[in-house]
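# Topology and contacts: notes
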Amino acid sequence: MSHETYLLSRMDREDSHTLKGYQAQGGYKVFEKVLKEGMTPLDVTEEVKASGLRGRGGAGFPTGLKWSFMPDPEKDTRTRYMAVNADESEPGTCKDRVIMREDPHGLVEGCLLAAHAMRLDAVYIYVRGEYRLPYDRVFAAIAEARKAGLVGQNILGSDFSCEIHMHKGAGAYICGEETGLMESLEGKRGHPRPKPPFPAGFGLWGQPTTVNNVETIFNVPFILERGAEWFRGMGNEKSPGNFLCGISGHVEKPGVYELPLGMPARQVLEEYAGGVWKGRQLKAWIPGGSSTGFLKPDAIDTPMDHDSLKAAGSMFGTGAMIMLDDQASVVKSALVLMNFYDHESCGQCSQCREGTQWLSQIFQRLYDGGGRTEDIQLLTDLANGMAPGKTICALSDAAAIPTHSVVRNFKEELELYVQHGGHQGVLAARKLEGVGA
Amino acid sequence: MALTQELISEFDELKTHYPESQAALIPALHRCQEDLGGWLSPDIIEAVAAYFGMEPVEVFSVASFYPMFFLKPVGKHIVSICRNISCDLRGSDELVARACELTGAKPGQNSADGKIYLETVECQGGCANAPMMVVDGTYHEDLVADDVNKILGGLA
Ligand SMILES: Cc1cc2nc3c(=O)[nH]c(=O)nc-3n(C[C@H](O)[C@H](O)[C@H](O)COP(=O)(O)O)c2cc1C
Ligand code: SF4
Ligand code: FES
């Protein structure tokens, strides 16, 4: 079970979050090299492109390609920004927090390299308000880097300047959506903007902007230090590199593990997470955070990468696996998620505002015992009205996708809930049959 | 004016981080809530609005969008229990029940002695250490219901 690791490799040192700890492990060397040996912005972008790095924030969009959408500064002289998405609020996802807390300078160095590549004037790191310690650690890292001449004006005596600012959110899932994030950063309600225009043309304060996830940016210094070829040696052809896999729910050893993309989900579950807890069997699992859809145990050999999970009827998302044992209730978990989406819908689009509310009400009555057979078809019809691409942002899709997956893969359980009058009825019926509660 | 001189100088500095000053609004509201009594009273909203050159109703509209801002008085301690999927799977219902029993409050209410404000919250990014709760900004993870007694019992 050994494979090369890099993302978590520096975190063993007690002082891994300090400049001293970071530099003792080679930190800021590659940034210095890029600056001093005159690697051009285009060279940096090309290397990231060649690495095949895909965004770790959920959509898996190729990072180098995204960077190349920023307008040519010769022709478009507007101020240019990057917003680092540290909102991390997709249920199940708990990885960016580890990076910010244990290796914040790695994120800062990634920001500097991105700033060089895209010729940014400033970077904002948008951190969810609840993440106090991670916020404080990155804040302190920026201050240390500034003192060392690595952030601010004329960095290391060159003509390259870049400001990095921290920004604290205040707890709304929708502010993780890239345009909701920009509205929130501007000091408004986090209402997503219709696209187009896209952020590269009209982003923060109407200026060219790129939004990238923390883990995405954290990969960049490694790629530039060790090369695109090295990066492609891990993971697979279309999804190279390692990823931080959060695995939670009914497993013996939940945690955040660094794994190569393409590792079969079974191996993650059994070798890393210690298997399903209490010696039970797997009933259902979610591969990549709450928006990616429930799968059955028969899909557990699927490789954890973008294409394989798509072919299996789900998505890689944020790589956050959530496991349900054979005594869990898929209806309850679906209800919890629909309550969440209902609560977090910003309300701009009627399909999403009304749809999430209805979905949560229907799962509630199935759970409570007032469900009807027609409700199962109604779930599908509602979800069809909400997605794909029917609303301003993808939150509506994020509620529709798990709903479809429950109807597709766990229809029998839905029927049981109708037949036995809800959760209590199902538990009683199982007891009669002598199956675990 | 309800703002302290210290806060005003902090906000003056914060504003320099952005091309438009309104971007400093949410960080500023956080600082007000921390320093000025734990919630955003109408007086504070008015003072912040005056500082940013906005209408109070605009500031209120922003503040009310974000669950971390309180627009009514809350207890001295904020106890937030995550109820999302990973925590639910590992028993967050029991934590909530225990916290209700101990405080006599339902989620969204203050305890009878006004000391504790109890709320349930969405995923806090502690999923691999579920179930979890946050007390005054500090994460408590890998909990069982009895831990709730210890943690709440330790609040002065
Ligand atoms: C409702 C919603 C919530 C999202 N939340 C997050 C989040 O918390 N963190 C994140 O990095 N991306 C989140 N995203 C994805 C972002 O919109 C965006 O795709 C991502 O930050 C881009 O970074 P990447 O290309 O590096 O992955 C969310 C998307 C949606 C639709
Ligand atoms: S899809 Fe939902 S969350 Fe997204 S903009 Fe529309 S209403 Fe808001
Ligand atoms: S589900 Fe509770 S912290 Fe993520």
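Reading guide: rules and limits
Residues numbered from 1 in each chain as written. Chains lettered and ligands numbered in written order. Predicted model: local features only at pLDDT ≥ 70, side-chain atom pairs only at ≥ 80, totals over all residues. Heavy atoms only, no water. Contact = heavy atoms within 4.5 Å. Buried area = accessible area lost by both parts, 1.4 Å probe. Salt bridge = Lys/Arg side-chain N within 4 Å of Asp/Glu carboxyl O. Polar contact = N/O pair within 3.5 Å; in protein donor to acceptor, adjacent residues only side chain to side chain. Helix = DSSP H or I, 4+ residues; strand = E, 2+ residues; numbered from the N terminus. Nonpolar A, V, L, I, M, F, W, Y, C, P; charged D, E, K, R; others polar. Near = heavy atom within 4 Å. Patch = residues over 30% accessible without salt bridge, like charges linked within 9 Å, V, L, I, M, F, W, Y side chains within 5 Å. Areas by Shrake-Rupley, 256 points an atom, 1.4 Å probe, with all protein chains shown as cover. Buried < 20%, exposed > 50% of the residue type's maximum accessible area, 1.4 Å probe, protein only. Domains from an automatic or database assignment. Pairing = 2+ DSSP bridges. Phe/Tyr/Trp six-rings, centres within 6.5 Å; stacked < 30°, edge-to-face > 60°. Lys NZ or Arg CZ within 6 Å of the ring centre and 35° of its normal. Axes fitted to C-alpha atoms, helices over the stretch in contact; angles between N-to-C directions. Parallel < 35°, antiparallel > 145°, perpendicular 65-115°, else oblique. Left-handed = near helix turned anticlockwise from the far one by under 90°. Core = buried A, V, L, I, M, F, W, Y, C linked by side-chain atoms within 4.5 Å.

The interface is formed by 56 residues belonging to chain A together with 38 residues belonging to chain B. Each partner contributes to the roughly 3,600 Å² buried at the junction of chain A and chain B, and carbon and sulfur atoms together form 57% of this total. Where chain A meets chain B, there are 3 salt bridges. The salt bridge partner of Glu141 of chain B is Arg97 of chain A, with a shortest N-O separation of 2.8 Å. Counting across the interface, chain A meets chain B through 20 residue pairs in polar contact (both at pLDDT 80 or more). Only β3 (163-168), α8 (178-185), β5 (242-249), β8 (320-325) and α13 (330-344) of chain A provide two or more residues apiece to the side of chain A that touches chain B. It is α13 of chain A that contributes the most residues to the side of chain A that touches chain B, 8 residues altogether. Grouping the amino acids of the side of chain A that touches chain B by side-chain chemistry returns 26 nonpolar, 19 polar and 11 charged.

Turning to the site of ligand 2, a few remarks are in order. Around ligand 2, the structure places 13 residues, and the nearest of them are Cys346, Gln348, Cys349, Cys352 and Cys393 of chain A. Here the residues of the shell around ligand 2 are counted per class, giving 8 nonpolar, 5 polar and no charged.

This part is about a nonpolar patch on the surface. All names here are of chain A. Judged by side-chain polarity, Phe61, Leu65 and Phe69 come together as a nonpolar surface patch covering roughly 260 Å² of accessible area. If you trace the backbone, Phe69 turns up in the loop between α4 (63-68) and β1 (81-86). By relative accessible area, Phe69 is classed as partly exposed at 45%.

This brings us to the environment of Glu225 of chain A. All names here are of chain A. Inspection of the secondary structure assignment puts Glu225 in helix α9 (residues 214-226). Residue class for Glu225 comes out partly exposed when judged on its relative accessible area of 45%. Spatially, the C-alpha atoms of Glu225 and Gly371 are 57 Å apart, while their sequence positions differ by 146 residues.

Domain boundaries assigned for chain B yield domain 1 (5-65) and domain 2 (77-153). Summarising the inter-unit geometry, the C-alpha centres of domain 1 of chain B and domain 2 of chain B are found 29 Å apart.

The next thing to look at is the site of ligand 1. Residue and element names in this part refer to chain A. Taken together, 18 residues surround ligand 1, and among them Gly57, Lys66, Asn212, Asn213 and Thr216 come closest. Measuring from an oxygen atom of ligand 1, one finds a side-chain N or O atom of Asn213 at 2.8 Å. At 2.7 Å from an oxygen atom of ligand 1 is found a side-chain nitrogen or oxygen belonging to Thr216. Expressed as a share of its isolated accessible area of 620 Å², the protein-covered part of ligand 1 is 89%. Here the shell around ligand 1 takes 3 residues from strand β4 (residues 209-213), the largest share from any one element. Each residue belonging to the shell around ligand 1 can be placed in one class, and the counts come to 4 nonpolar, 8 polar and 6 charged.

Here the focus is the pairing of strand β6 (residues 255-260) of chain A. Residues and elements named next belong to chain A. Counting buried residues in β6 gives 5 out of 6 residues, a clear majority hidden from the surface. In the sheet, β5 pairs with β6 via 6 bridges, with the strands oriented antiparallel. Note on β6: the bridge partner recorded for Phe243 is Leu259. Hairpin connection of β5 to β6: 5 residues between the antiparallel strands.

The next point concerns the packing of aromatic side chains. All names here are of chain A. Within the structure shown, the criterion is met by 26 aromatic pairs over all chains. Their ring planes at 65° and their centres at 6.1 Å tell us that Tyr173 and Tyr341 sit as a pair that is edge-to-face. One end of the pair, Tyr173, is in the loop between β3 and α8; the other, Tyr341, is in helix α13, with 168 residues separating them in the sequence. The structure contains a cluster of three or more aromatic residues connected by ring pairs, namely Tyr6, Phe218, Phe222, Trp230 and Phe231. One cation-aromatic arrangement involves Arg128 over Tyr131; the distance from NZ or CZ to the ring centre is 5.5 Å. The residue whose ring lies beneath Lys168 is Tyr135, and the NZ or CZ to ring-centre distance is 4.6 Å.

Time to look at the packing of helix α1 (residues 5-15) of chain B against helix α2 (residues 25-35) of chain B. Residues and elements named next belong to chain B. Packing of α1 against α2 brings their axes to within 10 Å, and their N-to-C directions diverge by 160°. Put simply, α1 runs roughly antiparallel to α2. The chirality of how α1 crosses α2 is right-handed. Contact residues: Leu7, Glu10, Phe11 and Leu14 in α1; Pro27, Ala28, Arg31, Cys32 and Asp35 in α2. Residues belonging to the contact of α1 with α2 are distributed by class as follows: 6 nonpolar, no polar and 3 charged.

A separate point is the sheet that holds strand β5 (residues 138-140) of chain B. Residue and element names in this part refer to chain B. Strand order in the open sheet formed by 5 strands is β2-β3-β1-β4-β5, with mixed pairing between adjacent strands. Where the open sheet ends on each side, the last strands, each with one partner, are β2 (109-110) and β5. Against the sheet, helix α6 (residues 92-103) touches β1 (77-82) and β3 (116-121), its axis set at about 160° to β3. Most of the contacts of helix α7 (residues 145-153) go to strand β4 (residues 133-135), to which it runs at about 10°, and overall it touches β1, β4 and β5.

Let us now look at the nonpolar core. Soluble globular proteins tend to bury their nonpolar side chains together. By size, the foremost hydrophobic cluster in this structure holds 86 residues, and its most contacted members are Leu185, Phe294, Tyr341, Phe363 and Leu414 of chain A together with Val48 and Tyr66 of chain B. For this core, the element with the most residues is α13 of chain A, which contributes 9 residues. Beyond its immediate stretch of four places on either side in the chain, Phe363 of chain A contacts Val331, Ala334, Leu335, Met338, Leu379, Thr403, Val406 and Leu414 of chain A. Judged by nonpolar contacts, the second largest core, of 64 residues, contains Met70, Leu113, Val127 and Leu150 of chain A.

Residues and elements named next belong to chain A. Most of β1 is tucked away: 6 of the 6 residues are buried. Burial of β1 is two-sided: the residues Tyr81, Ala83 and Asn85 facing one way and the residues Met82, Val84 and Ala86 facing the other way are all buried. Sheet analysis places β1 next to strand β2 (residues 122-127), joined by 6 bridges and oriented parallel. Its bridge partner lying in β2, Ala83 is registered against Tyr124. Sheet analysis places β1 next to β4, joined by 5 bridges and oriented parallel. Counted as the bridge partner of Tyr81 is Thr209 from β4.

Residues and elements named next belong to chain A. Contact geometry for helix α15 (residues 373-386) and helix α17 (residues 411-419): axes closest at 8 Å, N-to-C directions at 140°. Taken together, α15 and α17 sit at an angle that is classed as oblique. Both α15 and α17 take part in a crossing whose hand is right-handed. Residue-level inspection shows Thr373, Ile376 and Leu379 of α15 in contact with α17, the latter providing Lys411, Leu414, Glu415 and Val418. Here the contact of α15 with α17 is composed, by residue class, of 4 nonpolar, 1 polar and 2 charged.

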